[in-house]
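# Overview (structure and organization)
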Amino acid sequence: MSIDKEEVKKIMVSAADSFNPEVKEDDDEIDSLINEIIMIEKAHKHTSQGGVIRKHEQISVKINKFLGYDNLNNNS
Amino acid sequence: MNLLKLTLNNFRIFYGKRTIEFSNDPDKNVTLVHAENSMGKTTMLNAIKWCLYAKAPDFENEAKGSKILNHISHEKQDYSCYVEIEFSEEGKTYSIKREAKEVKTKLGFPGEDRGLTILENDDKSGSVRKKSNPQTFINSILPEELSDYFLFAGETYAKTRNDSSTRELYKKAVRDILGFTLSDSAIKDLNEMQRKSNKELNLLHKENDNTTSLSVEISDLTKEIETLSDASDILKEDIKEQKSIVDDCTDKILKSNHYEAKDLQRQIKNQESLRNTSYKNQTNLLTERQLLVNDYGYAVFGYSLKNKMDFINHKDYAGKIPGKYYIGFVDELLKKEECICHRALPKGSKEYVAVESLKADASTDKTESRVRTSINALGLFNGRSKDFFKQDGRIDSSLDTCGEEIASFETEIETLKDKLKALSIKSIDILIAKKEKAEKAQYSFQREKNQKDVLIETKERNKKTKETERDNLSVDTDKIKRKKEFIRVLNTIGLRILDHQSKAEKKARSLITQNVQRNLDDCLRKNFTVKLDHDYNLVTSFTGTDTIATGTGQGQALLTNLSFITALISHSKKRASAENRLFLPGTIAPFVIDAPFAEMDGSYQKNTLAFLPNQSHQLILFLSTGQWDAEYENVIGDKIGKRYYLLNHIPKQDVPEKQVLKIKNEEFALNINDSKSDKFPMTTIEKIKVN
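The sections below set out a description of the structure shown in this document. A quick note: this is a predicted structure, and the numbers were derived from the prediction, not measured.

### What to know about the overall build of chain A
- Along chain A, the regular secondary structure elements total 3 helices and 0 strands.
- Taken from N to C terminus, the helices and strands of chain A fall in the order α-α-α.
- Each of the 76 residues in chain A was classed as buried or not, and the buried ones make up 29%.
- Summed over its atoms, the accessible surface of chain A is roughly 5000 Å², and 50% of this surface lies on carbon and sulfur atoms.

### So, the side chain of Arg-175 of chain B
All names here are of chain B.
- Position of Arg-175 relative to the elements: it lies in helix 5 (residues 164-177).
- On the basis of relative accessibility, which here comes to 11%, the residue Arg-175 falls in the buried class.
- Polar side-chain contacts of Arg-175 include one of 3.3 Å to the side chain of Glu-505.
- Discounting residues that sit within four places of it in the chain, Arg-175 has contacts with Phe-180, Thr-181, Asp-184, Gln-501, Glu-505 and Tyr-536.

### Quick notes on helix 16 (residues 602-615) of chain B
- Helix length check: helix 16 of chain B (14 residues) gives 21 Å between terminal C-alpha atoms against 20 Å at 1.5 Å per residue, within 8%.
- Tyr-604, Gln-605, Thr-608, Leu-609, Phe-611, Leu-612, Pro-613 and Gln-615 of chain B are the residues of helix 16 of chain B that are buried.

### Examining the pattern of salt bridges
All names here are of chain B.
- Scanning the model with the defined rule gives 39 salt bridges over all chains in all.
- For Glu-226, the salt bridge is made with Lys-199, and the minimal N-O distance between the two is 2.9 Å. In this pair, Glu-226 sits in helix 7 (residues 212-254) while Lys-199 sits in helix 6 (residues 181-206), placing the two residues 27 residues apart along the sequence.
- Using a relative accessible area of 33% as the deciding quantity, one classes Glu-226 as partly exposed.
- On the accessibility criterion, Lys-199 (42% relative accessible area) is partly exposed.
- Connected through shared salt-bridge partners, Lys-92, Glu-120, Arg-129 and Lys-131 make up one network.

Quick notes on the rules
Residues numbered from 1 in each chain as written. Chains lettered and ligands numbered in written order. Predicted model: local features only at pLDDT ≥ 70, side-chain atom pairs only at ≥ 80, totals over all residues. Heavy atoms only, no water. Helix = DSSP H or I, 4+ residues; strand = E, 2+ residues; numbered from the N terminus. Buried < 20%, exposed > 50% of the residue type's maximum accessible area, 1.4 Å probe, protein only. Areas by Shrake-Rupley, 256 points an atom, 1.4 Å probe, with all protein chains shown as cover. Polar contact = N/O pair within 3.5 Å; in protein donor to acceptor, adjacent residues only side chain to side chain. Contact = heavy atoms within 4.5 Å. Expected span 1.5 Å × (residues − 1). Salt bridge = Lys/Arg side-chain N within 4 Å of Asp/Glu carboxyl O.

Have a look at this one:
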C-alpha cells in the first residue's frame, strides 16, 4: 500500500497541534452570564405565555450587554 | 414542605370535621396511624392527593359522583365536603383547601380553581393573603408527577411507566426534585431563542444577493420541518389515546367476573410487563452503547489510524518523518565547514549553499516533538479503544440475551392470548377485539410517527448543509456578524449549562444509587446490584452479572421503590441549603405511605422500618393492624412523634366483631357501637399518647 508520507506528516502535525487546548471561552464570564439568566428564570418561575416573551427579551438584553452591543436591536 | 395538619370534612367515611396533626419534631419525625383494613387509611392518603390535585386514583371514577360525600352527611342534607391541608414551606405557613358540593347527585367544584383556595400566612409579619394560580403553586412545591411517589400507596406501587410521555413527565419531576427546574427552563428558552434568531439570520441573508436562493431554500426547509414536527406531536397524542384504550380494556378484563379470563389476562399482563422490562433494558443498552461511542469514538478512530500507520515506529521514521535531516546536524556541518564526506564547505561556496538549503526541509526539535506526541497519542488511543471493544462486546452479548428474552415473552403472550380467545366469552371477546383494534392503530400511528421523525432528521441535516453553504458564500454585513455572534453565545451558554447539569446529575445519580444499594444490601438475602437508568428507573441485576433481576418478587420491587424515594428525599434534604445559583435547593417533601409492607415478608418489613425514618424528612405511615408487630416498637418506637388509630363507629343495630390494637401494655378497641350512626358506619381519628 503506498502512502503519501507528506500527507501523513501534515496529519501528524495537525494531530499534535490539536492537543494544545489554548482556544477556549472564558468560563468565568460565561458562568456569570448564566447566573444572570438563571436570576431571570427565577423571577419568571410562575410566568404565563405572555411573560415568556418578556423573559426572552430580558435574556437578550443580558447577552447583548455581554457582547458589548448597546441595545436590544443591535444584533438584528 | 412540612405537613402540619390534615382536616377531612364529610369526606368519604369521615363524617363531620376530623383532624390529624403530624409530627414535626426532627428527632421524632414519624406520625403513625394504625387501623383495620377499609377503615379509612387509604382514604386519608387519597384525601391529600384529592386536595392537592383534584383527583385520587382509588375513587377517580367516582369523582363526579356522590361517593366522595359522606353518606351520613348526604342523609342529613349537608351537601358540601372539603379537605384542608396545612403545611409550612420556607418560613411561611399555607392552608390549602379544596371544597366540593353535591348538586342533583353530581359532585362539582365551586369557583374558578376547581374548589381550591390557598391562604399564605407569613409567620414573621402575621399577614395573610390568598395565592393566585393555586394549582401552579402546588405543582411547584410537589409536582403532580411525583405525587404517587411521595404519597405512596404500597398496594399499587407497581405503576408502570411504559409510554414515553409518562416517562418524560416522571423524569422531569425527578429532575425538579433534584433542583434542575431553572436550568432546564433556561435551556428551553435558549433553544427557542436560537430557533428564532436563526430564522432572523436567514432573513438577513435573503437580502444578500449571493445567498438569496439558498436562504429561500432554508426558509422552506424550516417551514417543512415545523409542519412535520406538528404532525409528529399530533401522532404522539394519538398513540397515547390508543394506549389508554388498550389499558382500559386490560383493566376491564382483569376486573371481570370470569375467573379464567381474569387469570389469563393477569398472566398476559405479567408477561407483557417482563417483555417491556426487557425492551427497556434493550433501550438502556443501546443508549449505553451510544454513550460509549461518544466517550471512546475518538479512540476507535485512533485505533484504525494506528493500524494504518504502524510503519511509523521510531527506527523507520527516524530520518524520514518529519524531515530527512535534523536541523542540528545540518547546522553542525555548516559550523565545521565540513561535509559528512569530509569535503570542505567554505562559507559562501556553492557546496555550502547547497547544504544550507537542506535546512528548509530539515526536521526541528518542534516537529520531532510533534511526531513523538502523535505517536504517543495513537498509543493511548489504541489502549482506550481496547476498553471500548471490551465493553462493546459485553453490551453486544447482553443485547443478544435481551433479544432472546423478548422473543420468548412474545411467544408466551401469543399462546396466552389464544387461550383467552378460546374461552369464547362474549363480553371478553368484545374487549379483546377493541384492544386489538387499538393496538393495531397504536402500531400504525407509531410507524407513521417514526417515518415523520426520520424525515425531520433528514431535512434537518439538509438544512444544516445548506446553512454551511450559505455561510461560505455570504459576505457578512455588520448586522449578520452581530446576529451570528448572538447565536454563538446562545449556543455556548446552552452547552455550558448542560455541562454543569451533567456533572451535578452524575453526582446525584451516584449518591442515590449508593444509598439504594446500601438499603438493599441491609435488607435482602441475595446480592443485587442497583443501577439508575436514564429515565431514573432503578434496574436491579444479580451481582457480578448483567442479568436483570426481572423475576424478583413484588416485595422486593416494593422495597426497591421505597428505597429509591427515601434516597431521593435524603439527597434532596442534603441539598436543602445548596447555594449554587444554577440549581434550586433540594425539594423537601414529606413521605406519606399507605400500607408500606403490602407484599413484603417479615424480614424485609423490619429492615424497611429501620431505614425509612432515618432517611426521610417527615414520615407519615398508615399501617394496618395486621402488619404491626410488637417487636417493631424497638425498631421505630423512639422515632414516633405522634400516633393515632382509626376508630370504626358501627350502627347501633349491628354487632361489632371485637377488634383490638395492642400498643405496649395498652389495648385500644378499634370499633364501637354508636347510637349516632343510624344506617352507616363512620370513622373517627383517635390520638394515642406518645411517651
